[in-house]
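# A closer look at the structure
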Amino acid sequence: MDVLVNEDTGGLPIKQSQCNDQTHPKEILLEKAAEFGCDVTDFEFALQMDKEDSLSKFRSDFHYPKMKDIPTVDTTLVDGESDCVYLCGNSLGLQPKGASKYVNEVLEIWSKIGVHGHFGHGHIPWAYADEVVQQQSAQIVGAKTEEVAIMNGLTVNIHLLLISFYRPTKQRHKILIEAKAFPSDHYVVESQIRLHGFDPKDSLVLVKPRNGEETLRHEDIVKLIEEEGDEIAVVLFSGVQYYTGQLFDMKAITKAGHKKGCYVGFDLAHAAGNVEIELHDWDVDFACWCSYKVCMGC
């Protein structure tokens, strides 16, 4: 693996191997429902699953917005004092209860010593703040500490990575991405193709679901790499598809890309802290991710 770029860190990953098991998650849930003696749509099922969740204790570490404070909620229909059911962690995670404490500590240092906060105090000198979370970041994605840099924002990092890894030639000038990749990723790829004097109509390869299907089949991804790999310079995929939640087999995609001589990288914005990742062992060439979604800025 050559380069990894990340913004920050945190999170508790689950095993990716679960997604590769022959048992579909739907079947697992149905089995659990039968064990509980209820239906998967029953409230009792949700309560039982929460009770068995080994991570449930961490719920109390976060602030949950109250229903009355959410602009779109009609408080005549719900209890305004109740916590909302937060399903937007794919966009912005909940605020950790410890966040304000740490922010206020930095503000206090700023107020007391001003510019000397960059180097001259024993807390976390601002100039070296990235080094404090570098090792934790590496652990979350299965990388070596020296392979990770904490810097910039996600889209900027994708640009920087493609500047390094996308070196198109007349023969090998294509970039392969999902047809429904995160919009800003799509824009970055088109921008990089044009920057090098090529046309996205010729140099952008899109992997699409089959007619009538919502997710991509792994065999279709690999087949497209095998068919067009001699002209593909970079395979840029997400680890977890932001819209469908599909978890891709990153290890197998990397292997398929390398077999055809392509660089392979991943946008892990929705995967870091969410699933088990082993970037170093999978020999991934580059990746980037962020701290404000599943990792919740911890």
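Above this text you will find the structure in question.
To keep things clear, this report deals only with the structure shown in the data block. Fair warning: this is a prediction, and the values are worked out from it, not measured in the lab. (Residues numbered from 1 in each chain as written. Predicted model: local features only at pLDDT ≥ 70, side-chain atom pairs only at ≥ 80, totals over all residues. Heavy atoms only, no water.)

As a further point, take the overall build of the chain. When helices and strands are tallied, the chain shows eleven helices and seven strands. Principal-axis analysis of the C-alpha atoms places the extent of the chain at approximately 60 × 60 × 35 Å. A total of 298 residues make up the chain; the buried ones form 37% of that total. Considering only contacts within the chain whose residues lie at least 6 apart along the sequence, 64% involve residues at least 24 apart. Approximately 17,200 Å² of the chain is accessible, and the part contributed by carbon and sulfur atoms is 54%. Of the side-chain charges in the chain, 28 are positive and 46 negative, and the distance between the mean point of each set is 4 Å. (Helix = DSSP H or I, 4+ residues; strand = E, 2+ residues; numbered from the N terminus. Buried < 20%, exposed > 50% of the residue type's maximum accessible area, 1.4 Å probe, protein only. Contact = heavy atoms within 4.5 Å. Areas by Shrake-Rupley, 256 points an atom, 1.4 Å probe, with all protein chains shown as cover. Lys, Arg positive; Asp, Glu negative; His and termini not counted. Charge placed at Lys NZ, Arg CZ, Asp CG, Glu CD.)

A separate point is helix α6 (residues 154–165). Taking 1.5 Å per residue as the helical rise, α6 with its twelve residues ought to reach 16 Å, and the 16 Å between its terminal C-alpha atoms agrees with that figure. Taken together, the buried positions of α6 are Leu154, Asn157, Ile158, Leu161, Leu162 and Phe165. The buried residues of α6 occupy an angular sector of 130 degrees when the element is viewed end-on, so they sit on one face. (Expected span 1.5 Å × (residues − 1). Arc of directions from axis to C-beta.)

With that settled, the discussion passes to the packing of helix α2 (residues 25–36) against helix α3 (residues 43–52). Close contact between α2 and α3 brings their axes to 10 Å; oriented N to C, the two are set at 100 degrees. It follows from the interaxial angle that α2 and α3 lie roughly perpendicular. Packed against α2, whose contacting residues are Leu29, Lys32, Ala33, Glu35 and Phe36, the element α3 presents Phe45, Gln48, Met49 and Glu52 at the interface. In the contact of α2 with α3, the residues fall into five nonpolar, one polar and three charged. (Axes fitted to C-alpha atoms, helices over the stretch in contact; angles between N-to-C directions. Parallel < 35°, antiparallel > 145°, perpendicular 65-115°, else oblique. Nonpolar A, V, L, I, M, F, W, Y, C, P; charged D, E, K, R; others polar.)

Residue pairs three or four apart in sequence face the same way in an α-helix, which turns once every 3.6 residues. All of the buried residues in helix α10 (residues 250–259) are Met250, Ile253, Thr254, Ala256 and Gly257. Seen from one end, α10 has its buried residues packed into an arc of 165 degrees, which puts them on one side. Turned more than 90 degrees from where α10 packs its buried face, Lys251, Lys255 and Lys259 sit exposed. Looking at the buried positions of α10, the neighbouring elements they touch are α9 (218–228), β5 (232–238), β6 (263–267) and α11 (279–282). Phi turns positive one or two residues past the end of α10, at Gly261, with a value near 85 degrees.

Time to look at the packing of aromatic side chains. Following the criterion strictly, the structure yields seven aromatic pairs and no others. A centroid spacing of 4.9 Å and a plane angle of 80 degrees characterise the contact between Phe182 and Tyr242, whose relative ring orientation is edge-to-face. Note that Phe182 is positioned in the loop between β3 (174–178) and α7 (183–195) and Tyr242 in the loop between β5 and α10, a separation of 60 residues in sequence. A residue is classified by how much of its surface remains accessible, and Phe182, at 35% relative accessible area, is partly exposed. The cationic tip of Arg59 hangs over the ring face of Tyr64; the distance from NZ or CZ to the ring centre is 3.9 Å. (Phe/Tyr/Trp six-rings, centres within 6.5 Å; stacked < 30°, edge-to-face > 60°. Lys NZ or Arg CZ within 6 Å of the ring centre and 35° of its normal.)

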